[in-house]
Amino acid sequence: MTTMASLKTVERLRATVEPEQGRIPMFIYTDPEVYELELERVFGRTWLFVGHESEVPEPGSFLVRDMGEESVIVGRGEDNQVRVFLNSCRHRGMRLACEDFGKVSMWRCPYHGFTYDSAGEFMGTLIAAPYERAAYPEGLDRKALHLIEARTDSHAGLIFATWSQDGPTLDQFLGNLSWYLDLLVGRAEMEVVGAPQKWVLPAGWKLPSENFCADAYHTATAHSFLARLGMVKGVDFGRDGYHVDPGGGHGLGVGVHFDEESYFPADLRDEYRAHLEPEQLGLLDRVKNLHGNVFPNLSFLIPNFIVVDGRRVSGMMLRLWQPIGPDKVQVWSWHLVERNAPEWWKRLGQKMYVQTFGMSGMFDQDDTENWEAQTRNSNTALWRQDEIMLHYAMGISGEPLTEFPGPGDVYDGKFSEAAGRTFYRTWLDLILDQRPEQ
Amino acid sequence: MIAAGAIGIETWLEVHHFLVAEAELLDNRRFEEWLELFTEDVEYTAPVRVTKKNPAPDVVAQNLLFDENLASLTLRVKRLATDVAWAEDPPSLTRRLITNIRVNPAPADDEFLVKSNVLLFRSRGDVGRHDIVCGEREDTLRRLEGALKIARRRIVFDQASLGTKNLAVFL
């Protein structure tokens, strides 16, 4: 809906958001009008992460997730296909599934018994079936009562869905990012450990998203306790490596080491080799950390390897910044591991994940502090006459490497905000409804 | 079952005093002294809670919010003592209410199985906001050289989506 207020907001955005100049106005982090536009034009149109295939292992398995603020069911049907439905009965809009996950053979609304099979087909009002003919002598139009279904696809086990029926395919949407995403989730058969952690953070959703996308520089300050406690020598874990702007609003940083041996378990090498191209495996061998964001709000991380009990380990995670208002996110944090990994890697990797990231993680704690305080300041920037412009120009004159095995614009050293500028360009084009050429 | 029945009122009082004194240490941020309450082999964990239909269990033991031993608890305490532990500097103001203490014998002669309810009030900053975190703790207390120590603690939170921004605080 375009109201007078949103028209004014659109003009303000058009006049003040200048990603290519490295200038972003502060009010966009939390403006309620901007948020309304985001729900409609970002979350209502792009591909969104809704789960990992290992979370719906067999026919009937389902998850309750969100796309924007809309509750959806991610279900594996009797035909083994994964589908995503609006979690809303076609009769009165009641939620069909009210638990986090489970296994069912059909969806039965607890209000009037309207029931749907695993492909979303309306089957009847099962419990009340004896009365259905009396209540609806003219019959019920089964086609019209089919569940509202999102377009669904997956990449390397990550399930995505979109309400856009005619936009880019998932492959087109991920673009150059796929090559790097495969290092993370496509290098072997991965599985989610248990269920995601969830908590609520008083911060706008873009702040954590852009942090994972294009902010390697904060680690030297925000996480400087590592150096204080003598656990690292300096900020090299934030600097050494590559900043990647794959396009499409996605972004990542690849931290590399200079040791001979890969930091990943030797036992998994054959599986990695079977899943990756030689150039991808070559880069994986040098990875000591990897962080990034799939536009708009799915972050990923292989935390910097550390030595635990005499072994080098890392515990990877996926992180969804689920918006629940202009200045609030529900954080979803998944821990993933190679299904065929040795026990020590699984056990120590999980411990490492919990202690560094996740709700009690020593890194995560300090990040939440920043995002909350930025959010409060952004709320006060809304009504200021003179715009508060923020600085997004790190690496603005940097030239991408001409030779690198992976695609996209790749910069030597992680200190660049190039992908952050593309994040805001992609976001702005969607908000202003300027769809880029495909 | 009446909690004090199986173990005697004196032991119950001793456990009660121990848990209340522990809460006082945490509320006053005397973390180094708090660490002395644990055995060398302590396991300190908190499973993830989920929303499920009856009668499915709502605790997911494979995924943890805390997964600590004495070394990692010590590291957390050392971190809090630096001048760059931003999440808790300035610190949260906290008050832990420990109630419903239940004490039962453990298989080992020198141990007790103790359950308690904890309500944590946490406020931080200047706008009058506060968070409340509630849960049940299952402890194994061990008597070592006359003194009680925590050999195992498992915290089961009463929210499937926690309403505080991080777990930079101990329970």
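The coordinates are above.
Source: prediction; values computed, not measured.

Engineer: Report on the sheet that holds strand E7 (residues 106–108) of chain A, specifying residues and quantitative values.
Structural biologist: Residue and element names in this part refer to chain A. Across the sheet, 3 strands lie side by side as E7-E8-E9; this open sheet has antiparallel pairing. Every interior strand has two partners, whereas the edge strands, E7 and strand E9 (122–125), have only one. With direction set aside, neighbouring strand axes in the sheet form an average angle of 20°. The sheet contact formed by strand E8 (residues 114–117) and E9 spans 3 bridges and is antiparallel.

Engineer: Before we move on, can you summarise unusual backbone geometry with the specific residues and values?
Structural biologist: With an omega of -5°, the peptide bond running from Asn54 of chain B to Pro55 of chain B counts as cis. Mapped onto the secondary structure, Pro55 of chain B falls in the loop between strand E1 (38–49) and strand E2 (59–68). Cis peptide bonds are those with omega within 30 degrees of zero, and the linkage from Asp89 of chain B to Pro90 of chain B qualifies with 5°. Take Pro90 of chain B: it is sitting in the loop between helix H4 (70–80) and strand E3 (93–105). If you check the backbone angles, Asn80 of chain A has positive phi at about 75° while not being a glycine. Examined against the element boundaries, Asn80 of chain A turns out to sit in the loop between strand E4 (70–76) and strand E5 (82–86). Given the relative accessible area of 43%, Asn80 of chain A is considered partly exposed. Positive phi outside glycine occurs at Asn100 of chain B, with the angle close to 50°.

Engineer: Run through the interface of chain B and chain A, naming residues and quoting values.
Structural biologist: Between chain B and chain A, the residue contacts involve 37 residues of the former and 37 residues of the latter. Contact with chain A buries surface across chain B, with Arg79, Trp86 and Lys165 of chain B losing the most and accounting together for 19% of the total. Our count for the chain B to chain A interface comes out at 8 salt bridges. In this structure, Arg129 of chain B engages Glu372 of chain A in a salt bridge whose closest nitrogen and oxygen atoms are separated by 2.6 Å. For the side of chain B that touches chain A, the element with the most residues is E2 of chain B, which contributes 8 residues. Its residues placed into classes, the side of chain B that touches chain A shows 16 nonpolar, 9 polar and 12 charged.

Definitions and cut-offs
- Residues numbered from 1 in each chain as written.
- Chains lettered and ligands numbered in written order.
- Predicted model: local features only at pLDDT ≥ 70, side-chain atom pairs only at ≥ 80, totals over all residues.
- Heavy atoms only, no water.
- Pairing = 2+ DSSP bridges.
- Helix = DSSP H or I, 4+ residues; strand = E, 2+ residues; numbered from the N terminus.
- Axes fitted to C-alpha atoms, helices over the stretch in contact; angles between N-to-C directions.
- Buried < 20%, exposed > 50% of the residue type's maximum accessible area, 1.4 Å probe, protein only.
- Contact = heavy atoms within 4.5 Å.
- Buried area = accessible area lost by both parts, 1.4 Å probe.
- Salt bridge = Lys/Arg side-chain N within 4 Å of Asp/Glu carboxyl O.
- Nonpolar A, V, L, I, M, F, W, Y, C, P; charged D, E, K, R; others polar.

In short, geometric facts, not functional conclusions.
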